[in-house]
Amino acid sequence: MFLDRFHSVQDGHVHISAPQASQFAKEIAGDFNPIHDPDARRFCVPGDLLFAIILARFGLSQNMTFRFRSLLGADVPLRFVETESGIDVCDDAGKVYIEVTSSGARTEDQQLIEDITRAYVAASGKNFPHTLKPLMESNGVMFNPDRPMVMYESMSLALNNLDLPSPDLELSNATLDAAGKRGNVLLEYQLTADGKAVGEVTKRLVLSGLRPYHPDAMASVIEEFYRLKARGTAVPPDTKNPG
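Overview of the structure. (Residues numbered from 1 in each chain as written. Predicted model: local features only at pLDDT ≥ 70, side-chain atom pairs only at ≥ 80, totals over all residues. Heavy atoms only, no water.)

1. Comments concerning the pattern of salt bridges
Move 1: Taken as a whole and judged by the stated rule, the model has 9 salt bridges.
Move 2: Its salt-bridge partner being lysine 133, residue glutamate 137 comes within 3.1 Å of it at the nearest N-O pair. With glutamate 137 and lysine 133 both in helix α4 (residues 127–139) and 4 residues apart, this pair spans about one turn of that helix.
Move 3: With relative accessibility at 38%, the residue glutamate 137 sits in the partly exposed group.
Move 4: The exposure class of lysine 133 is partly exposed, given its relative accessible area of 24%. (Salt bridge = Lys/Arg side-chain N within 4 Å of Asp/Glu carboxyl O. Helix = DSSP H or I, 4+ residues; strand = E, 2+ residues; numbered from the N terminus. Buried < 20%, exposed > 50% of the residue type's maximum accessible area, 1.4 Å probe, protein only.)

Laid out in structure tokens, this is it:
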């Protein structure tokens, strides 16, 4: 399956190395957030990769919510524990990184799950600068240009049914609520299949280190984003998980 390159399974645990996580962010999600660079001081595994692995392992349900409790670093052995309402993703010490709740009909059709995953995470590649830049500008705030932090708080989806040929996401609404140095972003999408509305998807993001909007500083951040994008998806080789 297409996720095999981006994680490994050892002794019943899922392992995600920094190069694997970074490759997924760049290649699949089009996400060049510096926090996903393998050598980042505060490196974290992208939430979209965890979302994708959960769907691949446990299936797609009509209603699902993913709540991100802690940032996940590289090479943490993960356990996926089924609960009454869904799944907890945690380490051996019991620290929970994601809580998943699900309900309704469920499918394990891997082709459908891959199609949904690719459509879902591709939307992340449009978060910055396409959506967040004008949203911050209109609200007169921006994140720290020297250390831009954009993190997931939660993601959810509500599907009318599981008949989803050629799924796609279209952004329908975006809002930013600034409170001190923290910004809460709500992104709402319409999920379509063969051009027909079949459900809704929401993503809640957190921006940290808010300050007054500065056009020149934002222009520098955007320039760096496109520089990284032009460099491509290459990341340092993964010596722990070769191939």
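2. Here we look at unusual backbone geometry
Excluding glycine, a negative phi dihedral is what most residues carry, and trans is how most peptide bonds are arranged.
Move 1: The omega torsion across phenylalanine 128 and proline 129 is 5 degrees, close enough to zero to call that bond cis.
Move 2: Along the polypeptide, proline 129 turns up in helix α4.
Move 3: Residues other than glycine seldom take positive phi values, yet aspartate 75 does so here, at roughly 60 degrees.
Move 4: Examined against the element boundaries, aspartate 75 turns out to sit in the loop between β3 (60–68) and β4 (79–82).
Move 5: Since its relative accessible area comes to 32%, aspartate 75 is described here as partly exposed.
Move 6: Look at aspartate 194: it is not a glycine, yet its phi comes out positive at around 55 degrees.
Move 7: Tracing the backbone through its elements, the reader meets aspartate 194 in the loop between β10 (182–193) and β11 (196–207).

3. Digging into the packing of aromatic side chains
Move 1: Under the definition given, this model contains 9 aromatic pairs.
Move 2: Ring centres of phenylalanine 51 and tyrosine 120 lie 4.2 Å apart, and the angle between their planes is 20 degrees; this geometry places the pair in the stacked category. With phenylalanine 51 in helix α2 (residues 47–58) and tyrosine 120 in helix α3 (residues 110–122), the pair connects residues that are 69 residues apart, well separated along the chain.
Move 3: Its relative accessible area of 0% is what places phenylalanine 51 among the buried residues.
Move 4: Plain terms: the ring middles of phenylalanine 128 and phenylalanine 225 are 5.8 Å apart, the flat faces sit at 85 degrees to each other, and that makes the pair edge-to-face. One end of the pair, phenylalanine 128, is in helix α4; the other, phenylalanine 225, is in helix α5 (residues 215–231), and 97 residues separate them in sequence. Taken as a pair, phenylalanine 128 and phenylalanine 225 share a single burial class, namely buried.
Move 5: One aromatic cluster is present, formed by Phe32, Phe128, Phe143, Phe225 and Tyr226 through successive ring pairs.
Move 6: Sitting above the plane of the tyrosine 120 ring, lysine 203 keeps its charged end 4.5 Å from the centroid. (Phe/Tyr/Trp six-rings, centres within 6.5 Å; stacked < 30°, edge-to-face > 60°. Lys NZ or Arg CZ within 6 Å of the ring centre and 35° of its normal.)

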